[in-house]
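# Per-entry structural report
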Amino acid sequence: QLMMEERRTVTALLLLVLGHLTTALEVPLDLSQPPTITHQSPKDYIIDPRENIIIHCEAKGKPHPSFSWTRDGTHFDIDHLSNVNMKQRSGTLVVDIRNDKAEHYEGTYQCTARNDHGTALSHNIVVRQSRSPLWSKEKIKPIVVQEGVPLVLPCRPPAGLPPPIIFWMDNNFQRLPQSRRVSQSLNGDLYFSNVLRADSRNDYICYARFPHTQTIQQKQPITVKVLNQEPTDERRPTFLTPSGQSSSKVVLRGQVLEMECIAEGLPTPEISWTKVSGELPAERTSYLHYQKTLRIVNVSEADAGEYRCIARNELGSVHQTIHVAVKAAPYWISGSPKNLILAPGENGALTCRASGTPKPAISWAMNGVPIENSPNDLSRRVDDDTIIFTNVQTGSSAVYQCNVSNEYGYLLSNAFVNVLSEPPRVLTPAHHVYQVIKNHQALLDCSSFGSPIPEITWFKDSRASTLDGEPYKIHDNGTLEIHGSQTRHNGKYTCVAKNMLGISENHVYLEVKEPTRILKQPEYKVVQRGRDAVFECKVKHDPTLIPTMTWLKDDDELPDDERLVVDSDSLTITDVTDSDAGVYTCIMNTTLDQDSASAELTVVEATPTPPVVYELPDAPTDLELTEQKKRSVQLTWTPGDEHNSPIEKFIIQYEDSLHHKGHWHNLTQVSGMKTTAHLKLSPFTHYTFRVLALNGVGLSRPSLPSRMYKTDPAAPDVNPADVHGFGTEHDNLVISWKSNGPGLYYRVMWRQKGVESDWTAVPVRNASKFVVSGTPTFAPYELKVQALNDHGAGPEPDVAHGYSGEDLPLAAPDNVQVQVISSTQAAVHWDAVPAKLLRGHLKGYKVYYWKERGLHKHNHHHEEKQILTFGGNHTHGKLPGLHPFSLYSCHVRVFNGKGEGPPSPIQPFETDEGVPGAPSSLVITDSNVDSLTLEWSPPHDRNGHITGYTLKYHPVNNTHALGPLEELALPSNETSVVLVNLKYSTRYKFYLNAKTKIGAGPPISQEAVTIMDEGKTATLEESANWHKELVNGSDNFVVKGLKAGVSYWVRLVASGQSDLPLACFTLSPAVASRQVDIATQGWFIGLMCAIALLILILLIICFIQRNKGGKYPGEERGCHTDPEFQPMKEEDCTFGEYSDNEDHKPLKGSRTPSNGTVKREDSDDSLVDYGEGGDGQFNEDGSFIGQYSGKSEAPSPVNAMNSLNSFV
């Protein structure tokens, strides 16, 4: 004990001595040094399976380190993995998963970086792919509850990586409202303290969002129906979660502690929290989910103890105590170990100080090898969390790993010891200029490196003396600190670094600047609404610094409003409103400092003024016509009253009493500042004018009309517009135009373009089109239409262009070629039809194509023609949706505005083979104890030569879980197979697909059950416990609750005659129906004949008995035995096996059988499936009640007999 204490004392004293020698330095990269890990992936590395995997490992060192990896503790050889690469001059791995699965690369990885001076290790990188699984399929029954009771809707999301974020929404993707009464728990369940009628809905949907892959999965909707049959009594609270009176929770230091208490009660309880063993840390505590969750962030050991949540309503309260224990994964006390740079003969130490709860274990390694297995070094001694080095020598450089671990985690840190002899060098840039504000602290850097560590001294200007003592202070890292810098401290400073191997110096400069000060601050202002406000802010600053003025309103940016104008030393707010009230701050910034000042603006009610009334302007008056000319006149007027809204413009209108009496037309408009207008007029018109005024309110009433002004007749001024030429027949040209006035007629002119000919002209009256006949087909024409009247012709008209009528194209596209792209697509190319053969405007090309037949000998299907239209001057196109392995034909036609031209020669082509369709049918034709016979038909769509079939199958248990998958390859000429060595009384799922040379097609699926091995059926024992059920007057009964794979004996006994059974038979597990046509089976035809004969005999007996009036005595009532039932064995009252023809339930996700039927989804394990009633059950005495009858579907042979015979 005493020796240990002395050893610790010596170690402590040694560390104190070494303290000034072990300053952590950064070794320049041009000097030899061991590797240092600079970047690595996190310990828990979750990857996206859709992206390449990148595992980072970067390191520096001199020489540059080489890299290697381990995976799950063994060497990871990337040289033999083509899709795994390592980046150049890096250890980063890149895994290409385009042709692989990310899950194949899950594991624990560790990177090693090594060079001649040591080996550094990364921490363990656990690579796992993110997972966002689907919810398992489930059928959720509606939840029916009484109003007022509590309710919990479970979410139970699938376990994802990382865990999903849970939220509840409705069908419209709206979050469900939550409150004190309804809230979500930490595990995602939705809790109702008490339900209301308003909670009834059918779309409670729980969503899980997986953040890593950004996918969202949803649970099946839950339906809740709240009944209001009787009022629910109020009740005091009880906790829904957690259960019991107390619970416990463990949380790690630094993590988030979340505790929840959810209570039910009526009225809804309120939740409050206290800490029994102390106070809650207010700055780290928050409450979620309406006080139901207590959250404490950055947990420390002080947060351990007892917490109490209290649920309280008007009827009482209840509390829950939660015991919280705080554990801690290892954490550094004074930082991780620092690199140690020593000169030969120097001493030093590496310290690995860490803590945790429970106390962690500390282990050391050198260059990745446990230190106890490393070569012995007399200069090194390990003392628990410290390695002490004394009198180190060249060659002792190495990287040391410190591993601190407990059950909650680990820390791994690399720190190297680098033994160097290096003269000093100053690393701070030379001649750097430092600027500082007067009276502020100045820090001048002198970063240096050397081994041994250099001694730093500072000089100013002439180097008269070293800088030491107030106001100067030299820090351990060489930085010179000057307290309260003054102007006298301006100047040149020299930093000198010196050790036994040499000396180095550097020069820097210091400039002390005047501070920035606001001389005139903005003042408090009270301004009336609608007035202006001005804030002044005058500043003084150092003239060598560039200032920037910024204004804030209520500590935020100024509103983007043109009313706020910022000048160099003021802020002006024009037309102040109530929203302008607030605190305004001016901030003057320079590159070194700033100053600010604030003032408040208060906005008050302005002095009231009489309201301004705005109305429509009065109508203009005093219209006069002056400067009267043949085709113009000047109109003047006097404006009416504006009514406080300035007139914006005047509108002049006219009426033509000669041609359009009573109709006023807008002629022109002028500015509201004018009272005259110069009007241009048309000939042969009787004008009357009026004027309207427009202001901000609207239009005035029209003025009184002016006197009439008549213009003389004259030749037209303009010609008609919209002249067009087109054909309606192949040999005509229709010329049309838009009439431009009354009393006009037109001269229509045309000539063929490109042909030396004169214009042909005809006069046209009372029409706006003219038809030219006998034109060549689709010839270009030049057109003109001129307006005329009795006083002359209009101006020379412009030339328009048009074409005579179109006709069908004369030629088909040449050089039609088809190139098959795939089994379902082909490309068609053709040469364009020459323009001279189009005889019209080219509209496009039409490709006609049709399937002649399939290339398979069994396929002679012929299809209707299909048409693809390609507009414009296209000369190629693609034919989609073709059938594989088929012979097609196609031709191409050009079409214009008239129609289609002749077809091109038919071009045949064949499509490639594709994958086949599913086989046409798959049936089970023979079922035995350990074998099944399967027969199938080839696919209807073979799409090529069938090269074979693949049959896969596996057993299925009663929960629809799948057994091991078996696979058989079958030749193409087979259509049946016998599967042997199957399990008896077992359901199998089969998948069959066909193959061509291209690949496999989709499968057809079927299910079947091997029959029970009768040798394995137990015999009835005398001591068997019979369940009894009294049947009151019923003649049939439905048995429920049977178990799959179990045989049952059923017997019918007349009341009071327990020793004389009337009927007895066994029920064995149902087997899958065989997919055969029973109507063609000989046994079925014979059975139907027997049934018909039996019915006839029964009718005769009933007729005789009715005529006699007799009744069956109780003793003579025998079973009308079913012909399907085998004869009863007297000794054990057993019958042969009973089989049902009902299909078994298919697997979830299986295909519908090829015959289109849909199998029942009910359980095969209940006899309810064989009857109409669902109420049959066993009474306590074991007797049979209920009803047993056939289904309403087409009856099987057994069901047909059951419909005719029943127990009496």
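For the protein, an unreviewed UniProt entry supplies the name Neuronal cell adhesion molecule and the organism Neogobius melanostomus. Among the UniProt annotations of the protein, the heading Sequence similarities (unreviewed entry) holds the following wording: "Belongs to the immunoglobulin superfamily. L1/neurofascin/NgCAM family." UniProt lists a comment for the protein under the heading Subcellular location (unreviewed entry), and it reads "Cell membrane".

Glancing now at the overall build of the protein. Each helix and strand counted, the protein has 4 helices and 87 strands in total. Residues counted as buried form 42% of the 1208 residues belonging to the protein. Accessible area of the protein: about 65300 Å², with a carbon and sulfur share of 50%.

Turning our attention to the environment of K498. In this fold, K498 is placed in strand β45 (residues 491-499). With 46 residues separating them in the primary sequence, K498 and P452 have C-alpha atoms 9.4 Å apart. Those residues within four positions of K498 in sequence are excluded, and the remaining contacts are P424, P454, E455 and I503.

Taken together, the side chains of L1093, L1096, I1097, I1100, I1101, F1103 and I1104 define a hydrophobic patch exposed on the protein surface, amounting to about 640 Å² of accessible area. Topologically, F1103 is positioned in helix α3 (residues 1082-1108). Overall, F1103 belongs to the exposed group, its relative accessible area being 54%.

This part is about the nonpolar core. By size, the foremost hydrophobic cluster in this structure holds 30 residues, and its most contacted members are I53, I55, W69 and Y109. Every element with two or more residues in this core is listed here: β2 (44-47), β3 (53-55), β4 (57-62), β5 (66-71), β8 (93-95), β9 (107-115) and β11 (125-129). Looking at this core, the element that brings in the most residues is β9, giving 3 residues. Residues contacting Y109, with those up to four places away along its chain left out, are I55, W69, T70, R71, F76, H123, N124, I125 and V127.

Quick look at the sheet that holds strand β53 (residues 564-566) now. Taken together, 3 strands build an open sheet; the order of strands is β49-β54-β53 and the sheet is antiparallel. Unpaired on one side and paired on the other, β49 (533-536) and β53 mark the two borders of the sheet. Across this sheet, the average inter-strand angle for adjacent strands is 15°, counted without regard to direction. Here β49 runs beside strand β54 (residues 570-573); their pairing, made up of 4 bridges, is antiparallel. Residue V534 lies in a different strand from β54, and its bridge partner there is T572.

Here we come to the state of the cysteines. One covalent bond between the sulfur atoms of two cysteine residues makes up a disulfide. Enumeration according to the criterion identifies 6 disulfides in this entry. The disulfide partner of C57 is C111, and the S-S distance across this bridge is 2.0 Å. Across the disulfide from C57 to C111, rotation about the S-S bond amounts to roughly -75°, and the bridge is consequently left-handed. Linking C57 in strand β4 with C111 in strand β9, this pair joins segments that are 54 residues apart in sequence. Given the relative accessible area of 0%, C57 is considered buried. In this model, C352 is linked to C402 through a disulfide, with the two sulfur atoms separated by 1.7 Å. On the sign convention where negative is left-handed, the bridge of C352 and C402, at about -70° about the S-S bond, is left-handed.

Bringing the sheet that holds strand β56 (residues 594-604) into the picture now. Hydrogen bonds between backbone atoms are what pair the strands of a sheet, whose relative direction is either parallel or antiparallel. Reading across from one edge, β48-β56-β55-β51-β52 is the order of the 5 strands in this open sheet, with mixed pairing throughout. Two strands lie at the open edges of the sheet, namely β48 (525-528) and β52 (556-557), each paired on one side alone. The pairing of strand β51 (residues 548-553) with β52 spans 2 bridges and is classified as antiparallel. Looking across to β52, one finds that L552 is bridged to E557.

Moving on to the pairing of strand β61 (residues 676-680). Only one face of β61 is buried, namely the one carrying A677 and L679, since none of T676, H678 and K680 on the opposite face is buried. Bridge analysis of strand β58 (residues 632-638) against β61 gives 5 bridges, and the strand direction is antiparallel. By the bridge assignment, S632 is partnered in β61 with K680.

Cut-off values and rules
- Residues numbered from 1 in each chain as written.
- Predicted model: local features only at pLDDT ≥ 70, side-chain atom pairs only at ≥ 80, totals over all residues.
- Heavy atoms only, no water.
- UniProt positions renumbered as here; feature names shortened; annotations may be inferred.
- Helix = DSSP H or I, 4+ residues; strand = E, 2+ residues; numbered from the N terminus.
- Buried < 20%, exposed > 50% of the residue type's maximum accessible area, 1.4 Å probe, protein only.
- Areas by Shrake-Rupley, 256 points an atom, 1.4 Å probe, with all protein chains shown as cover.
- Contact = heavy atoms within 4.5 Å.
- Patch = residues over 30% accessible without salt bridge, like charges linked within 9 Å, V, L, I, M, F, W, Y side chains within 5 Å.
- Salt bridge = Lys/Arg side-chain N within 4 Å of Asp/Glu carboxyl O.
- Core = buried A, V, L, I, M, F, W, Y, C linked by side-chain atoms within 4.5 Å.
- Pairing = 2+ DSSP bridges.
- Axes fitted to C-alpha atoms, helices over the stretch in contact; angles between N-to-C directions.
- Disulfide = S-S within 2.5 Å.

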